[in-house]
Amino acid sequence: MRKILVVGAGQSGLQLALGLQSKGYEVTLMSNRTADEIRSGRVMSTQCMFDTALQHERDLKLDFWASRAPKIQGLGVSVAAPDGGRAVDWLGRLKGHAQSVDQRVKMAGWLDTFAQRGGQLVIHGATVSDLDFFARTYDLVLVAAGKGELVSMFERNAARSPYDAPQRSLAVSYVHGLGPRPEHPDTEAVRCNLVPGVGELFVMPTLTTSGRADILFWEGLPGGPLDVFQGIKDPAEHLALTLELMERFTPWEYARATKVELTDAGGTLAGRYAPVVRNPIGRLPGGGLVLGVADVVVANDPITGQGANSAAKCAASYLSSILMHGDRPFDEAWMKATFDKFWFTTGKPVTDWTNAMLGVPPEHVLNLIGAAGQLQPVADRFANGFDNPSDFDAYFYDPQDAADYLAEVAAAVPAVPAVPAPSRAADGAADGASVEA
């Protein structure tokens, strides 16, 4: 029986450990916290997982919360106008529902499941010296802990990492008491509110430790009016500031948030990080090799909400590569090929799209966002790109591709009038959509 060590108990580490366990591998999982510590701690992220990523959980029979989590049916985009209204407002329909489960709920539940199924669970914050020892006793060591000392083993890939500083400041509040959007009161949806020159507010339904809730998530341009959460320790002050900014910049969302309250004392989070792609193979002092997983090696800004989705897809891809490899050694060539398979199918499309959304949107992207308000197929395709980011290659990046696509859709729905682009005054927001911190 092959022995595998997984370091890190997030989406990718736990999904991979449970998947390997179900296939008969002898798996050891290292976590720096117990399930109870995770469950009672502070929120770790936002997350909205789309159909393809959720299918990987269903395949492993790990979709424990499917009957309780809100079924997200759509993804909407609003662009703020200078007068406080909305220059653009539309809702795209998802082909398969999406779902958000507070990672405190999911990771604690999966950690308990791993132990209950006989897995070897070690509660310890691993160091490089720990892995130097363990690499001699395991057939494969997978590093899925995206923060701390272990990340230093994986060198930054400058060619794939155009940013060396954070591009957004992040502030999250989990709340109860948010009212429905009056335009679609019966539709569960992620709402992406783009505020030109300022940043973005994302609102999404979720399942948390106290039941159904909503996430209010500000992404602000560094140095701008949203970049004000650093140093705030009091959760009530954090929420009050979140609501104050909503009233100022997204009054249509504030109108349904006047009665919200935090889900719990751990329901806020703030921070920032620079997006980065790292080389996937870590070299230990003793000569051993370890393979980086998910955001250890591909950490994108949350502006496209792909973190948990990419983590699930990476775990599924690595699991497939491990199973296909049989009893052969997990050598450097295999590690490189395993990462490359994930990179070219998932990592690169997500990184390309995310980095594009962090910049000032070009005219053709503004045209696409505006057109989606009048052409439902455009709204639907944009929304479903969150499930399959590689689809953006066909129409999103090149002005001629975008124009051809809009002309094709308009010809199919000839009764729809031409759509003006959002005003150029809207350019500075690096307008994008985000569902994950």
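Residues numbered from 1 in each chain as written. Predicted model: local features only at pLDDT ≥ 70, side-chain atom pairs only at ≥ 80, totals over all residues. Heavy atoms only, no water.

Engineer: Quick question: what am I supposed to make of helix 11 (residues 376-384) here?
Structural biologist: Note that an α-helix has 3.6 residues per turn; residues three or four places apart therefore point the same way. Here helix 11 has its buried residues at Val-378, Ala-379, Asp-380, Phe-382, Ala-383 and Asn-384. Check the buried side of helix 11 and you find it contacts strand 3 (72-80), strand 4 (86-98), helix 9 (332-358), helix 10 (363-371) and helix 12 (399-412). (Buried < 20%, exposed > 50% of the residue type's maximum accessible area, 1.4 Å probe, protein only. Helix = DSSP H or I, 4+ residues; strand = E, 2+ residues; numbered from the N terminus. Contact = heavy atoms within 4.5 Å.)

Engineer: Can you help me understand the packing of aromatic side chains in this one?
Structural biologist: Aromatic rings in a pair are described by how distant their centres are and how their planes are angled relative to each other. Applying the stated criterion across every chain, the model contains 20 aromatic pairs. Taken together, a centroid distance of 5.7 Å and an interplanar angle of 75° make the contact between Phe-382 and Phe-392 edge-to-face. Taken together, the residues span a long stretch of sequence, with Phe-382 in helix 11 and Phe-392 in the loop between helix 11 and helix 12 at a distance of ten residues. Here Phe-382 and Phe-392 have matching classes, each one buried. On the numbers, 5.1 Å between centres and 65° between planes, the contact of Phe-392 with Phe-396 is edge-to-face. For Phe-392, a relative accessible area of 0% corresponds to the buried category. The ring of Tyr-138 has Lys-3 lying over it, and the distance from NZ or CZ to the ring centre is 5.1 Å. Directly above the ring of Tyr-405 sits Arg-381, whose terminal nitrogen or CZ lies 4.8 Å from the centroid. (Phe/Tyr/Trp six-rings, centres within 6.5 Å; stacked < 30°, edge-to-face > 60°. Lys NZ or Arg CZ within 6 Å of the ring centre and 35° of its normal.)

Engineer: Please clarify how the side chain of Arg-191 should be interpreted in this entry.
Structural biologist: With respect to the helices and strands, Arg-191 occurs in strand 8 (residues 189-195). No salt bridge forms around the buried Arg-191; measuring N to O, its nearest opposite-charge neighbour Asp-89 is 5.5 Å away. Not counting the four nearest positions on each side in its chain, Arg-191 is found in contact with Gly-76, Leu-91, Arg-181, His-184, Leu-201, Phe-202, Val-203, Glu-253 and Arg-256. (Lys, Arg positive; Asp, Glu negative; His and termini not counted. Salt bridge = Lys/Arg side-chain N within 4 Å of Asp/Glu carboxyl O.)

Engineer: Looking at this model, I keep getting lost on the pairing of strand 8. Mind explaining?
Structural biologist: When a strand is regular, its side chains alternate between the sheet's two faces. Of all seven residues in strand 8, seven are buried; the element is thus mostly enclosed. Here strand 8 shows no split at all, with Ala-189, Arg-191, Asn-193 and Val-195 on one side and Val-190, Cys-192 and Leu-194 on the other all buried. Where strand 8 meets strand 9 (residues 199-208), five bridges bridge the pair, whose relative direction is antiparallel. Residue pairing for strand 9: Leu-194 is matched across the bridge by Glu-200. Between the antiparallel neighbours strand 8 and strand 9 lie three residues, among them Gly-197 with a positive phi of about 75°. (Pairing = 2+ DSSP bridges.)

Engineer: Can you walk me through helix 6 (residues 235-249) in this structure?
Structural biologist: End to end, helix 6 covers 21 Å across 15 residues, agreeing with the expected 21 Å (1.5 Å per residue, within 8%). Taken as a whole, helix 6 has its buried residues at Pro-235, His-238, Leu-239, Leu-241, Thr-242, Leu-243, Leu-245, Met-246 and Phe-249. (Expected span 1.5 Å × (residues − 1).)

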